[in-house]
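Coordinate inspection notes
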Amino acid sequence: MTLAAGAPPIPAGLTHDDLRRIYYYLRLTRALETRLTNLYRQGKVIGGLYSSLGQEGESVASAFALERRDILSPLIRNLGSMLVKGARPVDVLRQYMAKAASPTAGREMNIHFNDLNLGYLGQISHLGDMVPVMAGIALSFRMRGEDRVGLVYVGDGATSTGTFHEGVNFAAVMRVPLVVMVEHNGYAYSTPTRRQAAVERLADKALAYGIPGITVDGNDVLAVYEVTKSAVERARSGGGVSLIEAVTYRRRGHAQHDDQRYQSPEEVARWETNDPVDRYLQRVTGAGWIGETDVAEIDAQVEVELDAAVADCEREPLPEPETALTGVFVRPATAPALWFRGLDG
Amino acid sequence: MTLAAGAPPIPAGLTHDDLRRIYYYLRLTRALETRLTNLYRQGKVIGGLYSSLGQEGESVASAFALERRDILSPLIRNLGSMLVKGARPVDVLRQYMAKAASPTAGREMNIHFNDLNLGYLGQISHLGDMVPVMAGIALSFRMRGEDRVGLVYVGDGATSTGTFHEGVNFAAVMRVPLVVMVEHNGYAYSTPTRRQAAVERLADKALAYGIPGITVDGNDVLAVYEVTKSAVERARSGGGVSLIEAVTYRRRGHAQHDDQRYQSPEEVARWETNDPVDRYLQRVTGAGWIGETDVAEIDAQVEVELDAAVADCEREPLPEPETALTGVFVRPATAPALWFRGLDG
Amino acid sequence: MAEVTYLEALRQGMWEEMVRDERVFLLGEDIGAYGGAFKVTDGFLERFGANRVVDTPISEAAIVGAAAGAAHMGLRPVAEMQFIDFISCAYDILTNYVATARYRAGLATPIVVRGPSGGYVRGGPFHSQMPEAAFFHTPGLKLVAPATVRDAKGLIKAAIRDDDPVIFFEHKFLYRRIKEDLPEGEDLITPIGEARVAREGHDLTVVTWSAMVWKTLEAADQLEREDGVSVEVIDLRTLVPMDTDAVMRSLRKTNRILIAHEDTRTGGIAGEIAARINEEAFEWLDAPIRRVTAHDTPLPYAPTLEDYVLPQASDVVAAARWLLAY
Amino acid sequence: MAEVTYLEALRQGMWEEMVRDERVFLLGEDIGAYGGAFKVTDGFLERFGANRVVDTPISEAAIVGAAAGAAHMGLRPVAEMQFIDFISCAYDILTNYVATARYRAGLATPIVVRGPSGGYVRGGPFHSQMPEAAFFHTPGLKLVAPATVRDAKGLIKAAIRDDDPVIFFEHKFLYRRIKEDLPEGEDLITPIGEARVAREGHDLTVVTWSAMVWKTLEAADQLEREDGVSVEVIDLRTLVPMDTDAVMRSLRKTNRILIAHEDTRTGGIAGEIAARINEEAFEWLDAPIRRVTAHDTPLPYAPTLEDYVLPQASDVVAAARWLLAY
Ligand SMILES: Cc1ncc(C[n+]2csc(CCOP(=O)(O)OP(=O)(O)O)c2C)c(N)n1
Ligand SMILES: Cc1ncc(C[n+]2csc(CCOP(=O)(O)OP(=O)(O)O)c2C)c(N)n1
Ligand SMILES: [Mg+2]
Ligand SMILES: [Mg+2]
């Protein structure tokens, strides 16, 4: 495909193909979450359901700034980042539906799973804990002289945790190749950011660690890409840790069961007009980088893929009960079944 | 006593009597630590011994900026602050020597003790933990509309802890009346500050919390007093939390057993010429605010007091064994003695 | 009398204590405007104001530490952990600072740390924990775990009035699943440290607490129905201090004892109870003391797995039959 | 053969593993230039360089978390807690992240977290803890606590080679107080999960570990001398996985058993051991299982108080006599 006549150059060294792929992941994220919402309403999701509606832009764009060998650690609203890294929609569905074939064999929920070969580490619920762990992963890159970078996501709320602080400080002192992405989406559950931190810009957190801190419009996909890319390059070239504040907005409640009573309808509406996917589409089609047919093709492809994924997943069984006992340790490989289970109830 | 002829005005609203009292506490701190060192060498101190040599200035001056009703939380090198608040030298000796009559009845060591009426809270060893606790004390002041302020000390090393972060952030968001005094004394045990934090000025930690951060020469007694006083006033008038970085130096090892191999003799010697007590004396006698006889009188008074304290303490017994069982709970008041203790060994 | 849920009983208990004693205040994440993740504090902000219903940053250590500081100054803080699983982030400050404050420094620290605990709700490994054993071991902390609506109210009120620090394990499975008539206007207090005979019986004693009380009662009914045996069920209600006497009394009657808890087996509280029984009532035992507990794994998410790992009523039945046949 | 201390044995073990396997590295506070608060890592920085001997900020959670991350990538971190008391600051990350990593996500996390533990050294409440029980309860963590010089070396080497996370409790009272001849050049490995018969006997079994092994041996000598009885002493060496079989074997010989540990009583590991014995060997017991432990208080500083709160050899003697007379 050649550049449309008169189209401006694509920024940040991206190619047409990159732009199409970015759109694919944006669309895939949103469409997958739509499917999940439907499945949730049908009672097929076992636990809670979390939405990243309105934040897909920064998840996808930041992950897109990594190389395949780099590792990221997503949070609950970073489905997009995981998809960019190669996580398969069917596995996400399996996780939410606790299927035996899910990446965690039904042990963990939603997007709490990992594939270190593809380059994503699974989170635990305890906010902040992934920061020290990613500091250690980045430390291992530095120690071995590997040309790799880590990217860790934290919410505005998670910046209040002790482990966030210990992890960022540790990484900064050791100058490990790590990028810390603070997703400032206005709320931590019901708590507005001003009750979480007394700073205007969460990027100022960086000042306490002697690392660069930069604020970016989290709903501007290309801007997030550029900022992340340069932080990643800085890390890769030995410049150490950077912190990025991506300003965005959580348009749904904390989880499906949340009535959002603390978010004003006007506020939500205002952010609806600032949707990252819409903005991206306008930008890339407006500039002539992607054509309407590209978009339609991708939209269709996503639906086909998801149809297949949902169908595959729905057919699958839950895990066998006894499988619960394996893998607590390498040795012994299986925990003993308790004595009363052998008896006649 | 009248102003010496031609003497410049005393800064920061201090009186002659204040200056004499400050000198008294400086001298008392240093002399008490000298006594403790001797007792330690004689094997009379039960556990380790920690010295604040070279840091007495900031401890005394900052505590002096508080009102009696205010509460501070000292660390191991803030003996001076506790003395200013009214802690008695004999109690410090008793603590180090684990006497029954010590404020903790032999349960805790060194200056880990408190008197909330006098206005100091006892620390625990786990660095950082006192910050949230003091945030809560300051919160109680704010909730009740009391005209009181809290002051919490932390070392450069302790700023790396998760509890420091959670506590300062919590306090900042709640705008409680709290002053955080970061004692930048060059080391945390053997670790130089550059391996603890990647910032030049620890005062920059304040930027992450949206509170003022100011760096002061910690060996300039009057400067520390002024800076603390204004932070305290800010807190008292509803302005919330401030962070002060007092730059000083730990001239002895972490504790008596530390050979200081990681501190160069030149560095230590350089700081010896910047002794806070010497500087203070030069300043206040040089300006004619305190006379040589005042100084001699105070020096003598301190020695007399300490002679008595040491003599009193040395005579005292250790606690009775069974007293170990009381006070774990209010109810039950006494833990049971274990069954084998009643038997015939 | 009005029929209320376990959750409503907790609300009422806290509400009444806040009305009664202005030193009582609440702090935690999302407890104000949102009313808490489970709505236990719904309406409190409106009634008691932001000074007494304090929304905090996500900082469990600071929440507990600040509660302790405020308690030293004479207040009576009730701190919510959004899920009790996150209490692990305050482990240091609870075990080192709070638990020792009175002993080492004579400091009064009357705080309550409460939160939704326990499994059977498909919460996965980090929203289903029952971490009593993590604190049971530390002298200086009282542990409370009500099983009934009445005790939810009576114990939260007692915990708030208690002069020692209390960790209060609410069972989230019970929040809206059990109901009971509670007297209105009466100042309901369940004394801390007293077990309750949840069901009288003479063939076998089962010692348990929290949601397992209900599974055990179900098992006891089945055993009565199908085997004609009479099971006595002791609901401990508080784990520290523990009413060991009540256990011994029952054992001396039945001579057979089973301990059932939801927590994992190794290092769970049943071990301590078994040791005490063995020490204090060895001669009264006609059979070994046995334990029904969860398996020694993290708690998995899938229903098939969770149901397998956690103890069920049928497990109590099986274990009881084994003991009765011994 | 050369006579070495317990501390030197630990040094040698870590040194040899670092020479053998370049994936092994150390991290912790003051372990480099200073060689650690107790000098366990003295000389390591000079030999292995700053890339493999990493001085860290005062951040126990970050130390353990970073160790876990590095371990996922194939390294073998050995993290020092300056005093094991500070491991409480890493409680969340150890119990929630590290312990579950394999189970919930198939992640390899071969880390060792080690540090000076235990009392009898006038260290006061925050430099004397023996917090085994705090982690004993969490599936997924191995716990090791050597009593002898030989096992200090053999177990630290085994721990570093183990593919699971290991918490390694060194007893600081033993660091420089015990010595033993160790063979030079031999690759000394003590298998994790195997108890050791520290002393053979046939009248009574005492199960114990770490520094209490020495107090128990002292007591056993006295009992032999004064009462003519023969006490078998089992040194567990590893608490998870526990060699319960070794305990049962000994009990079937002696029919009387005492469990002795330094930790506080309520919720201490002795409770679990007692429960297991009762379950698995009830019919072999001629007397109740009894426990010798510390009192249920924080550990006070004054020598008179510390000596009273902690269990002593004389307590083992008294308890043994009681059991033998039963
Ligand atoms: C340590 C800890 N405390 C509390 C929680 C409960 N919790 C889960 S998500 C959440 C809000 C997170 O907000 P934020 O970090 O801003 O992320 P967002 O949901 O906005 O993406 C809370 C309080 C938790 N998971 N971990
Ligand atoms: C959480 C925690 N980790 C480790 C220690 C061990 N430790 C005691 S003092 C100290 C150094 C403290 O340095 P700093 O905070 O700078 O205070 P300073 O001694 O210089 O006054 C360390 C590491 C501790 N007390 N608490
Ligand atoms: Mg948020
Ligand atoms: Mg320092």
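Residues numbered from 1 in each chain as written. Chains lettered and ligands numbered in written order. Predicted model: local features only at pLDDT ≥ 70, side-chain atom pairs only at ≥ 80, totals over all residues. Heavy atoms only, no water.

Overview of the pairing of strand β5 (residues 112-117) of chain C
All names here are of chain C. With six of six residues buried, β5 lies mostly within the body of the structure. Examined bridge by bridge, strand β4 (residues 76-80) and β5 share three bridges and lie parallel to one another. Considered in β5, the bridge of E80 is made with R114. Examined bridge by bridge, β5 and strand β7 (residues 166-171) share six bridges and lie parallel to one another. From the neighbouring strand, R114 faces β7, where its bridge partner is F168. (Buried < 20%, exposed > 50% of the residue type's maximum accessible area, 1.4 Å probe, protein only. Helix = DSSP H or I, 4+ residues; strand = E, 2+ residues; numbered from the N terminus. Pairing = 2+ DSSP bridges.)

Looking at helix α9 (residues 244-254) of chain C
All names here are of chain C. Residues T244, A246, V247, M248, S250, L251 and T254 constitute the buried set of α9. For α9, the elements touching its buried residues are β10 (204-208), β11 (231-235), β13 (257-264) and α10 (269-281). Looking one or two places after α9, you find N255, whose phi comes out positive at around 65 degrees. (Contact = heavy atoms within 4.5 Å.)

Some thoughts on the confidence of the model for chain C
Overall, the prediction assigns chain C a mean pLDDT of 98, with 100% of residues at 70 or greater. ipTM for the predicted complex: 0.98, alongside a pTM of 0.98. (pLDDT = per-residue confidence, 0-100.)

Points about the site of ligand 2
Near ligand 2 lie 19 residues; those nearest to it are B:R77, B:S125, B:N185, B:Y187 and D:E60. In this structure, ligand 2 is bordered by residues of chains B and D. A distance of 3.0 Å is found between an oxygen atom of ligand 2 and a side-chain nitrogen or oxygen belonging to B:D156. The side chain of D:E60 places a nitrogen or oxygen atom 2.6 Å from a nitrogen atom of ligand 2. Contact with the protein chains hides 94% of the accessible area of ligand 2, taken as 580 Å² for the molecule alone. Residue classes in the shell around ligand 2 are distributed as eight nonpolar, seven polar and four charged. (Near = heavy atom within 4 Å. Polar contact = N/O pair within 3.5 Å; in protein donor to acceptor, adjacent residues only side chain to side chain. Areas by Shrake-Rupley, 256 points an atom, 1.4 Å probe, with all protein chains shown as cover. Nonpolar A, V, L, I, M, F, W, Y, C, P; charged D, E, K, R; others polar.)

Regarding the coordination of the magnesium ion (ligand 3)
All names here are of chain A. The protein atoms that coordinate the magnesium ion (ligand 3) are D156 (OD), N185 (OD1) and Y187 (O), at distances of 2.0 to 2.1 Å. For the magnesium ion (ligand 3), the single-chain donor residues occur in sequence as D-x28-N-x1-Y. Taken as a pair, D156 in the loop between β2 (150-155) and α6 (162-174) and N185 in the loop between β3 (178-184) and β4 (187-188) lie far apart in primary sequence, 29 residues in all. Neither D156 nor N185 differs from the other in exposure class; each is buried. (Donors = N, O, S within 2.8 Å, 3.2 Å for Na, K, Ca; no water.)

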